[in-house]
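Per-entry structural report
Listed below are the residues making up each chain.
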Amino acid sequence: MYRYTCADGTRDSLRVADYDPRGVAGMTLQEAREKANELVRLAGAGDNVRVFLQEREAAKAAAAEAALAATRNASRGSLAAMFRVYVGSLQGRESHYDAQSIFKLHVSGPFPKLAARPAGQIKAEELRDVLARLIGAGKGRTAAKLRAFLRAAFSMAMRAGLDPTLPEAMTAFDIQVNPADRLPSLAQFSKALDRALTLPELHAFWRRVEAAADSPARDALMACMYLGGQRPTQVLRLTPQMVDVSGGALTLLDPKGRNRHANPRRHVLPIHADLMPALRARLSQTEGMESPLFSTNGRVLLRKETVGLLVAEIAKAMQIAGELERGPFSMRDLRRTAETHMAALGVSSDVRAQIQSHGLGGIQTRHYDRHDYMPEKRAALALWVKRFRNLPPEPRRTTARAKATRVEE
């Protein structure tokens, strides 16, 4: 113990250390004297030794905490961490998986040091090298998508400090500028596609779909077609509680559009009678009302890439068989094909929009038009099914009045 007299004349005693002659579990006498000499110097300078020691220990603790926080923030503040938060904000949207996989394959994998660096220190020139690698490999479309994702992630981090609707975790990255803003938009790789199957191609495609082996992917593809070219991602989210067998309708959740991922639009469609057997078969294999309707074992959601692979296999077989008139096609071309052929059948643009759930964000649709369009959708889909299945048109019904007119003639 060290006893000393404070500046105000009061006496105080401070614990120096536990005594241990070996200096293992405590201090030796010599070590204790050296520490006491330091306390003597403090007391001689007129300092309140106890207060001084408490303040010094508090300063040490604060420095240690700051160092720990700096280390923690250095890891959390990386480009990869910022992108993870951004991808998390896309949960429930079709772009969620694309953003996650593109960053992993083309940034974290080939550029691990860049992904680990603080996001606030990333320069446009470094991102340019990432995109140049993709373009050099002939993946311009992927480069354009990655540039758009990076720009959106940096933009979100910049706004996070003032926008209470954004994830709080985004405030940790201290982003002052958006380096992706300086990169060109790569619009030449994002041109609108125009491939649609011709009528003979459509008939050949459907014959091969019907001849394909029974599988969840085949049933999901058939559902996309029978429902008028629906996006596979939305069809694959179907659960038993979203299918009304007795009412002959199902409900898709459409998260596309600004701020709609948090409150997706309910998109109700009639079920064609010929699709019902496939849906019933899938319903019998699900384990619960919230289980995925299209799954590999009743539990694991089928991925859209699996359906896309089936379409690619059919397209390849059609090309080998000489059934393609306009070259290869992919899954995304089927949606355009459905709209193109429904337009050729005389289905109005308003009804086509209601079937494919696009262009419905205007004031009229959001606030005033409350018609469900079910009769129109049912009639349009019936025409579309007959077209892609190459079914003969129904014979025209002759009214009694028309018959009477013929008799008089």
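Scroll up to find the structure.
Residues numbered from 1 in each chain as written. Predicted model: local features only at pLDDT ≥ 70, side-chain atom pairs only at ≥ 80, totals over all residues. Heavy atoms only, no water.

1. Some points on the pattern of salt bridges
This model, assessed by the stated rule, comprises 18 salt bridges. With its nearest N and O atoms 4.0 Å apart, the salt bridge here joins Asp 254 to Arg 231. Of this pair, Asp 254 sits in strand β4 (residues 249-254) while Arg 231 sits in the loop between α9 (216-226) and α10 (232-236); the two residues are 23 residues apart in sequence, bridging distant segments of the chain. You can call Arg 231 buried: its relative accessible area is 13%. Taking the shortest distance from any N to any O, the salt bridge between Arg 336 and Asp 333 comes out at 2.8 Å. Here Arg 336 pairs with Asp 333, and both are found in helix α13 (residues 331-344), just three residues apart, close to one helical turn. Classification of Arg 336 as partly exposed rests on a relative accessible area of 24%. The exposure class of Asp 333 is buried, given its relative accessible area of 5%. Linked by salt bridges that have partners in common, Asp 214, Arg 218, Asp 219 and Arg 282 make up one network. (Salt bridge = Lys/Arg side-chain N within 4 Å of Asp/Glu carboxyl O. Helix = DSSP H or I, 4+ residues; strand = E, 2+ residues; numbered from the N terminus. Buried < 20%, exposed > 50% of the residue type's maximum accessible area, 1.4 Å probe, protein only.)

2. Focus on helix α6 (residues 124-136)
The terminal C-alpha atoms of α6, which comprises 13 residues, lie 18 Å apart, in line with the 18 Å expected from a rise of 1.5 Å per residue. Of the positions making up α6, those classed as buried are Ala 124, Leu 127, Val 130, Leu 131 and Leu 134. For α6, the angular spread of buried residues about the axis comes to 120 degrees, placing them on one side. Looking at the packing, one finds that the buried side of α6 touches α4 (95-108), α5 (112-116) and α7 (140-159). Gly 138 sits one or two positions beyond α6 and adopts a positive phi of about 80 degrees. (Expected span 1.5 Å × (residues − 1). Arc of directions from axis to C-beta. Contact = heavy atoms within 4.5 Å.)

3. Examining the pairing of β4
Counting buried residues along β4, five of its six residues qualify, which places the element largely inside the surrounding structure. When strand β3 (residues 243-244) meets β4, the two strands line up antiparallel, connected through two bridges. Its bridge partner lying in β4, Asp 244 is registered against Ala 249. In this structure, the hairpin formed by β3 and β4 is closed by a connection of four residues, where Gly 248 is found at a positive phi of approximately 65 degrees. In this sheet, strand β5 (residues 265-270) lies alongside β4 in antiparallel orientation, the contact comprising six bridges. Residue pairing across strands places Leu 250 opposite Leu 269, the latter belonging to β5. (Pairing = 2+ DSSP bridges.)

4. Some words on the packing of aromatic side chains
Under the criterion given, the structure shown has seven aromatic pairs. Ring geometry for Phe 205 against Phe 329: centres 5.8 Å apart, planes inclined by 80 degrees, an arrangement best described as edge-to-face. Taken as a pair, Phe 205 in helix α8 (residues 199-211) and Phe 329 in the loop between α12 (304-320) and α13 lie far apart in primary sequence, 124 residues in all. Classification of Phe 329 as buried rests on a relative accessible area of 7%. For the pair Trp 206 and Tyr 226, a centre-to-centre distance of 5.6 Å together with 85 degrees between the ring planes defines the contact as edge-to-face. (Phe/Tyr/Trp six-rings, centres within 6.5 Å; stacked < 30°, edge-to-face > 60°.)

5. Let's talk about the sheet that holds β4
Sheet architecture is open: three strands sit in the order β3-β4-β5, paired in antiparallel fashion. Edge positions in the sheet fall to β3 and β5, since each has one partner strand and no second. Contacts between helix α16 (residues 374-388) and the sheet are confined to β4 and β5, with β5 contributing the most and set at about 55 degrees to the helix. (Axes fitted to C-alpha atoms, helices over the stretch in contact; angles between N-to-C directions.)

6. Section: helix α14 (residues 349-356)
Of all the eight residues making up α14, six are buried; the element is thus mostly covered by neighbouring parts of the structure. Within α14, burial applies to Val 351, Arg 352, Ala 353, Gln 354, Ile 355 and Gln 356. Looking at the buried positions of α14, the neighbouring elements they touch are β5, α13 and α16.

7. A word on the packing of α14 against α16
Working note: a packed helix pair is described by the angle between its axes plus the distance between those axes. Two elements in contact, α14 and α16, have axes whose closest approach is 10 Å; the angle formed by their N-to-C orientations is 90 degrees. Accordingly, the angle class assigned to the pair α14 and α16 is roughly perpendicular. The segment α14 lies against α16, with Val 351, Gln 354 and Ile 355 engaging Glu 376, Lys 377, Ala 380 and Leu 381. (Parallel < 35°, antiparallel > 145°, perpendicular 65-115°, else oblique.)

8. What to know about the packing of α6 against α7
Contact geometry of α6 with α7 gives a least axis separation of 8 Å together with a crossing angle of 155 degrees. Judged by the angle between their axes, α6 and α7 are roughly antiparallel. With respect to the hand of their crossing, α6 and α7 are arranged in right-handed fashion. Seen from α6, the contacting residues are Leu 127, Val 130, Leu 131, Leu 134 and Ile 135; seen from α7, they are Gly 140, Thr 142, Ala 143, Leu 146, Arg 147, Leu 150 and Phe 154. Across the contact of α6 with α7, the residue classes tally to nine nonpolar, two polar and one charged. (Left-handed = near helix turned anticlockwise from the far one by under 90°. Nonpolar A, V, L, I, M, F, W, Y, C, P; charged D, E, K, R; others polar.)

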